[in-house]
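Chain residues, written in single-letter form:
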Number of protein chains: 2
Amino acid sequence: MKTITVHASSKYDILIENGIIDHCGDIIKKNTNAQKIAVITDDTVNDLYGERTENSLRKAGFDVVKFVFPHGESSKCADTLIKIYDFLCENGITRTDCLAALGGGVAGDITGFAAATFLRGMDFVQIPTTLLAQVDSSVGGKTAIDLKGGKNLVGAFKQPVCVICDPDVLRTLPPEIFSDGMGEVIKYGMIRDAELFDLIAEHNRETVWSVLEDIIAKCIGIKRDVVEADEFDTGERMILNFGHTLGHAIESYYHYETYSHGSAVAAGMCMMADRTCDKETAERLRKCVQAYDLPVSVPADIKELVPLCGKDKKRAGGQLRFIVCRNIGKAEIHTMQFDSFAAWMGK
Amino acid sequence: MKTITVHASSKYDILIENGIIDHCGDIIKKNTNAQKIAVITDDTVNDLYGERTENSLRKAGFDVVKFVFPHGESSKCADTLIKIYDFLCENGITRTDCLAALGGGVAGDITGFAAATFLRGMDFVQIPTTLLAQVDSSVGGKTAIDLKGGKNLVGAFKQPVCVICDPDVLRTLPPEIFSDGMGEVIKYGMIRDAELFDLIAEHNRETVWSVLEDIIAKCIGIKRDVVEADEFDTGERMILNFGHTLGHAIESYYHYETYSHGSAVAAGMCMMADRTCDKETAERLRKCVQAYDLPVSVPADIKELVPLCGKDKKRAGGQLRFIVCRNIGKAEIHTMQFDSFAAWMGK
């Protein structure tokens, strides 16, 4: 078992091992004083892993209740959140009990936000079941829901008491959801670790399983390092946004339908690399992205994407901050007036 | 002008002065880098103080937008909160802007929670316009909304960047709302400050105006001291709950209609004092409570109230924690099995 300890405002462990989901109860028992656990999950994940999770929790002595919501990003909304709150009330959950997020980013984000706010804060654990959630949203303490006006507009910083990552559960992911996670995995190599990038680039979507546990641990380690240095996202943590300025614009332009987050980030990274890297580096990134069935560009004209860049929290006072990797393994934060950015991208 | 500085997870000032509301813009300017302020208020307060507040904010150079909700506790709900979020989106509020809570506890609690969670946190200021909000909910960083299942069940700890208390604005309060605040004011004397209690007891609802600025500052000072010692409400802060265990039960028994919070707390304090103080002390408290037109008891049988005690966050693992003042000016935290508490109260 690989253990990565995160020293944020509270300290917690991320545990990574094939098959670990069947031991989640014992692990959680060591990390909370709760008697009762409310599992929050979606219908798809519930069918696949709900019973195994509950069995392990009950075997460890927990009283277990479960809330199941329809899968998909559209559930990460105020309406689901209020249903979760009401469910917690009806089931007599107290602030010494614990929530468990079982699923992808939607389950993790909404459960984390519920845990941050129900009774003004209670324990929660993450059992991420997508690659993206394992390497990204399970680390860093960012929780959120979407509003009509945009994604992740309401949220809180809340650290879990532990995170349980089982790479085996990724085998049931649809291929495009697995690829989606690889978009963020490639990003970690690009911003911080040339060796990790080499390892990813040596493989492709079929062969990567043999090194996946290692890759997941390395990605989590990088995110841990960045988050520890900047828990509340005021500076260096921004390097995690490589590919995201254009990526968010792509997601938004296609109404969050055509391109998944990881696909949009992959294309965003390649489009940025074309403008900032030498030809060879840009080509290495493109090849790697393609090996995992991810797009290197999108049909939309750059002039139509640019106005959508930074329509979120990253734009303040007319300025846009975005990330540039000139070489593999190293990221820089750039700040530009939005107008200059638009002109530069439009070239 | 009286200034009380609070050293919580962030440091901020509470400023108390008659007429200060007309200078709120300049004061807020010194405490935030925001360009734009969203004032959140209810319709009653808006009619009385909306224009004066906005004028002062605009004079200080702020861009001002305003969200007005219907007055009353029923607005402190998820529905209003989501409307506030959507309003902030539609008005392009960024995380470097600022919210201003203008009103009583409802405005303060819901605005504070919105500020804690919109874009994962932004500045907010409190301009409390009820006595209760000035001495209680404006200090301590507790923010919340109600659920169908109970009051304040969802919330966050969030400190304002400053609090502006104008005792003059209390003159437009309906008499029963002013009395409501006096319930908490008397509580401060009981738990911490025999001299403050004497000052309150020397006066009544008609004569208290001459010493009100002083009383408000003393109450805020006590709450500041208690909150600084226990920001996240894990121990000593509980002494602020004197009268509240029965008080909450009274509010709940009468469906939050017959008794206001301060009235219920006043009756709760007297009922607890009857069981724990000598006759003379209990009588002094009763007389003081009556001088401010507050109830010393309620018609409901104690046996019907007890089951409602501790139906909130204060009950954990079958145990109930509640506050006892044997003498004026000194509070103790008691812990009892709920069954023992019920038997003891029923005597």
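Calculation notes
Residues numbered from 1 in each chain as written. Chains lettered and ligands numbered in written order. Predicted model: local features only at pLDDT ≥ 70, side-chain atom pairs only at ≥ 80, totals over all residues. Heavy atoms only, no water. Contact = heavy atoms within 4.5 Å. Salt bridge = Lys/Arg side-chain N within 4 Å of Asp/Glu carboxyl O. Polar contact = N/O pair within 3.5 Å; in protein donor to acceptor, adjacent residues only side chain to side chain. Helix = DSSP H or I, 4+ residues; strand = E, 2+ residues; numbered from the N terminus. Nonpolar A, V, L, I, M, F, W, Y, C, P; charged D, E, K, R; others polar. Buried < 20%, exposed > 50% of the residue type's maximum accessible area, 1.4 Å probe, protein only. Pairing = 2+ DSSP bridges. Right-handed = clockwise from strand over helix to strand, strands pointing away. Arc of directions from axis to C-beta. pLDDT = per-residue confidence, 0-100. Axes fitted to C-alpha atoms, helices over the stretch in contact; angles between N-to-C directions. Least-squares fit on C-alpha atoms with pLDDT ≥ 70 in both.

1. Here we look at the interface of chain B and chain A
Right, so step 1: Listed as interface residues are 28 residues of chain B and, on the opposing side, 28 residues of chain A.
Right, so step 2: Between the two partners, chain B and chain A, sit two salt bridges.
Right, so step 3: Across the salt bridge formed by Asp-86 of chain B and Lys-148 of chain A, the nearest N and O atoms sit 3.4 Å from each other.
Right, so step 4: Linking chain B to chain A there are eight residue pairs in polar contact (both at pLDDT 80 or more).
Right, so step 5: Elements represented by at least two residues in the side of chain B that touches chain A include exactly α3 (78-90), α4 (105-117), β7 (142-147) and β8 (150-157) of chain B.
Right, so step 6: Looking at the side of chain B that touches chain A, the element that brings in the most residues is β8 of chain B, giving six residues.
Right, so step 7: Looking at the side of chain B that touches chain A residue by residue, the classes come out as 14 nonpolar, six polar and eight charged.

2. Structural notes on the pattern of salt bridges
Residue and element names in this part refer to chain A.
Right, so step 1: All told, the structure shown has 46 salt bridges over all chains when counted by the stated rule.
Right, so step 2: Arg-192 is paired through a salt bridge with Glu-236; the nearest N and O atoms lie 2.7 Å apart. Placement of Arg-192 in helix α6 (residues 175-192) and of Glu-236 in the loop between α8 (212-229) and α9 (244-253) is noted, with a sequence separation of 44 residues between them.
Right, so step 3: Connected via shared salt-bridge partners are Glu-73, Lys-76, Asp-109, Asp-146, Lys-151 and Glu-251.

3. Overview of the pairing of strand β6 (residues 123-128) of chain B
Residue and element names in this part refer to chain B.
Right, so step 1: The buried fraction of β6 is high, at five of six residues.
Right, so step 2: Bridge analysis of strand β5 (residues 98-103) against β6 gives six bridges, and the strand direction is parallel. Across the sheet, residue Leu-99 finds its bridge partner in β6, namely Phe-124.
Right, so step 3: Tracing the backbone out of β5, into α4 and back to the parallel element β6 gives a crossover that is right-handed.
Right, so step 4: Pairing geometry for β6 and strand β9 (residues 162-165), over two bridges, is parallel. Directly across from Val-125, in β9, lies its bridge partner Cys-162.

4. Regarding helix α7 (residues 194-202) of chain B
All names here are of chain B.
Right, so step 1: Turning to α7, its buried residues number three or more, namely Leu-196, Phe-197, Leu-199 and Ile-200. Down the axis of α7, the sector holding all buried residues measures 160°, keeping them to one side. Across α7 from its buried face, at more than 90 degrees, point the exposed residues Glu-195 and Glu-202.
Right, so step 2: Where α7 is buried, its residues touch α6 (175-192), α8 (212-229) and α11 (279-291).
Right, so step 3: Between the side-chain oxygen at the start of α7 and the backbone nitrogen of Glu-195 there is a gap of 3.1 Å, and the oxygen is on Asp-193.

5. So, the confidence of the model for chain A
Right, so step 1: Per-residue confidence for chain A gives a mean pLDDT of 94; residues scoring 70 or more make up 98%.
Right, so step 2: Model confidence for the complex is summarised by a pTM of 0.89, with the ipTM given as 0.87.

6. Describing the side chain of Thr-117 of chain A
Right, so step 1: Counting through the fold element by element, Thr-117 of chain A comes out in helix α4 (residues 105-117).
Right, so step 2: A polar contact of 2.6 Å, which involves the side chain of Thr-117 of chain A, links it to the side chain of Tyr-85 of chain A.
Right, so step 3: Ignoring anything within four residues of it in the chain, the contact list for Thr-117 of chain A reads Tyr-85 of chain A together with Phe-113, Thr-117, Leu-153, Val-154 and Gly-155 of chain B.

7. With respect to the sheet that holds strand β3 (residues 36-42) of chain A
All names here are of chain A.
Right, so step 1: Pairing is mixed in the open sheet, where seven strands are placed in the order β1-β2-β9-β6-β5-β3-β4. Both outer strands of the open sheet, β1 (2-7) and β4 (63-69), are each paired with one neighbouring strand and no more. Neighbour-to-neighbour, the strand axes of the sheet open up by a mean angle of 20°, direction not taken into account.
Right, so step 2: As paired strands, β1 and strand β2 (residues 11-16) are joined by six bridges and run antiparallel to one another. Counterpart to His-7 in the pairing with β2 is Lys-11.
Right, so step 3: Packed on one face of the sheet, helix α2 (residues 43-59) meets β3, β4, β5 (98-103) and β6 (123-128) and runs near 165° to β3.
Right, so step 4: Against the sheet, α4 touches β3, β4, β5 and β6, its axis set at about 165° to β5.

8. A short note on the relation of the copies chain B and chain A
Each of the two chain copies can be brought onto the other by rotation about an axis and movement along it.
Right, so step 1: For these two chains of identical sequence, chain B goes onto chain A by a turn of 180° and a shift of 0.0 Å along the axis, with RMSD 0.0 Å. Expressed as a symmetry operation, the mapping of one chain copy onto the other fits a two-fold axis.
Right, so step 2: Most of the interface of chain B is mirrored in chain A, where 100% of its interface residues are also at the interface.

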